[in-house]
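Descriptive analysis of the structure
The chain contents come next:
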Amino acid sequence: MVESGAPSFPQPFPAHTIEVAPRPPERPVRNSVGGRPFLDEGQEWPECFCGERLTLFFQLDLPPDLGPFGGDHLLLFHCRVHEDATIPEPTDDGRLVPRYWDAPSEGYPAPFWRVLLQRRAVRPSKEAEPLLLTRELVLRPFSDVPDTRGKGAQTFKVGGTPSWAQNPEHYQCACGADLVYVCQVPEDMRFAARSGAPERPEGVADDFHTLFLGNEVYLLACPEHCDPAAVWPVNQN
């Protein structure tokens, strides 16, 4: 972790809260929980190392005022079987390891998640996410004023100031660029499961899913776009 590394772009970006609509959309939408992922041509639906197709938790178009990420299409996938937190493995010079989005992590031969930034995603996939109820996401600008500890609102949002549950974390991409905070998922956010969805491991709720053991998630992305998957999901609680 790079403790003192300053982001390469002005922070924070303008904040937008992300609201989950109560009913499913009537057609495929680009901003959604579940649904039909919008992927660049040639980009396959990601799979876990275990062979399971990863669950699409959410996707959204990033607003144009998010600096180098404005207009990108963000998607977050996670395995329905492997529920755990992520632990980064920086190299000796402080950078994340080469191709960290595919690299082994503590206890796993490869990640059980995938975050993508797509720049040419025009059409939705033919198949919809079968595990989660599809819900449209609505982005609304808001004033994310940090509190006395410098923490932003603890909500589902893009831009703004992270509400770090612990100490702030900063990392360098393997390409050398400082990763930049883009999106936050609040702690214990529940994503409703479809009825009749495949059973989950024993002891895990069947009516909803969480990300990374329910940790608060902060997505840090490479502003150079060195790879569509060059995004690190920081987990804290």
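In what follows, the structure referred to is the one given above.
Residues numbered from 1 in each chain as written. Predicted model: local features only at pLDDT ≥ 70, side-chain atom pairs only at ≥ 80, totals over all residues. Heavy atoms only, no water.

Observations concerning the overall build of the chain
Secondary structure summary: the chain contains zero helices and 12 strands in total. Seen in sequence order, the chain has helices and strands lined up from the N terminus as β-β-β-β-β-β-β-β-β-β-β-β. In terms of overall dimensions, the chain is globule-like: its C-alpha atoms have a radius of gyration of 17 Å, near the 18 Å expected for 237 residues. Across its three principal directions, the C-alpha atoms of the chain cover 50 × 40 × 35 Å. Within the span of the chain, comprising 237 residues, buried residues form 51% of the whole. Contacts in the chain between residues far apart in sequence, at least 24 positions, make up 73% of those at least 6 positions apart. (Helix = DSSP H or I, 4+ residues; strand = E, 2+ residues; numbered from the N terminus. Rg over C-alpha atoms; globule rule 2.2 N^0.38 Å. Buried < 20%, exposed > 50% of the residue type's maximum accessible area, 1.4 Å probe, protein only. Contact = heavy atoms within 4.5 Å.)

Remarks on the pattern of salt bridges
With the rule as written, the count across this model stands at 12 salt bridges. Between aspartate 40 and arginine 120 there is a salt bridge; the shortest N-O distance is 3.8 Å. In this pair, aspartate 40 sits in the loop between strand E2 (32–33) and strand E3 (55–61) while arginine 120 sits in the loop between strand E5 (113–118) and strand E6 (135–141), placing the two residues 80 residues apart along the sequence. Aspartate 147 is the partner of arginine 149 in a salt bridge, and the nearest nitrogen-oxygen pair spans 3.7 Å. Judged by its relative accessible area of 63%, arginine 149 is exposed. For aspartate 147, a relative accessible area of 34% translates into the label partly exposed. Three or more residues are tied together by salt bridges with common partners; here these are Arg99, Asp102, Arg114 and Asp227. (Salt bridge = Lys/Arg side-chain N within 4 Å of Asp/Glu carboxyl O.)

Digging into the packing of aromatic side chains
Aromatic ring pairs: the centre-centre distance and the angle between the two ring planes describe each pair. In total, this model carries 12 aromatic pairs according to the counting rule given. Here tyrosine 100 and tryptophan 101 contribute two aromatic rings whose centre-to-centre distance is 4.8 Å and whose plane-to-plane angle is 75°, an arrangement assigned as edge-to-face. Of the two residues, tyrosine 100 and tryptophan 101, both sit in the buried class. Site record: aromatic cluster; members linked through ring pairs are Phe49, Tyr100, Trp101, Tyr108, Phe112, Trp113, Phe212 and Trp232. Above the face of the tryptophan 45 ring, arginine 53 is positioned so that its terminal group lies 3.6 Å from the ring centre. (Phe/Tyr/Trp six-rings, centres within 6.5 Å; stacked < 30°, edge-to-face > 60°. Lys NZ or Arg CZ within 6 Å of the ring centre and 35° of its normal.)

Some details on the state of the cysteines
Under the defined criterion, the tally for this structure stands at zero disulfides. Cysteine cysteine 173 shares no disulfide, and the gap to the nearest cysteine sulfur, in cysteine 226, comes to 3.5 Å. The thiol sulfur of cysteine 175 is not disulfide-bonded, and the nearest other cysteine sulfur, from cysteine 222, lies at 3.6 Å. (Disulfide = S-S within 2.5 Å.)

Note that all results are geometric; they support no functional claim without further evidence.
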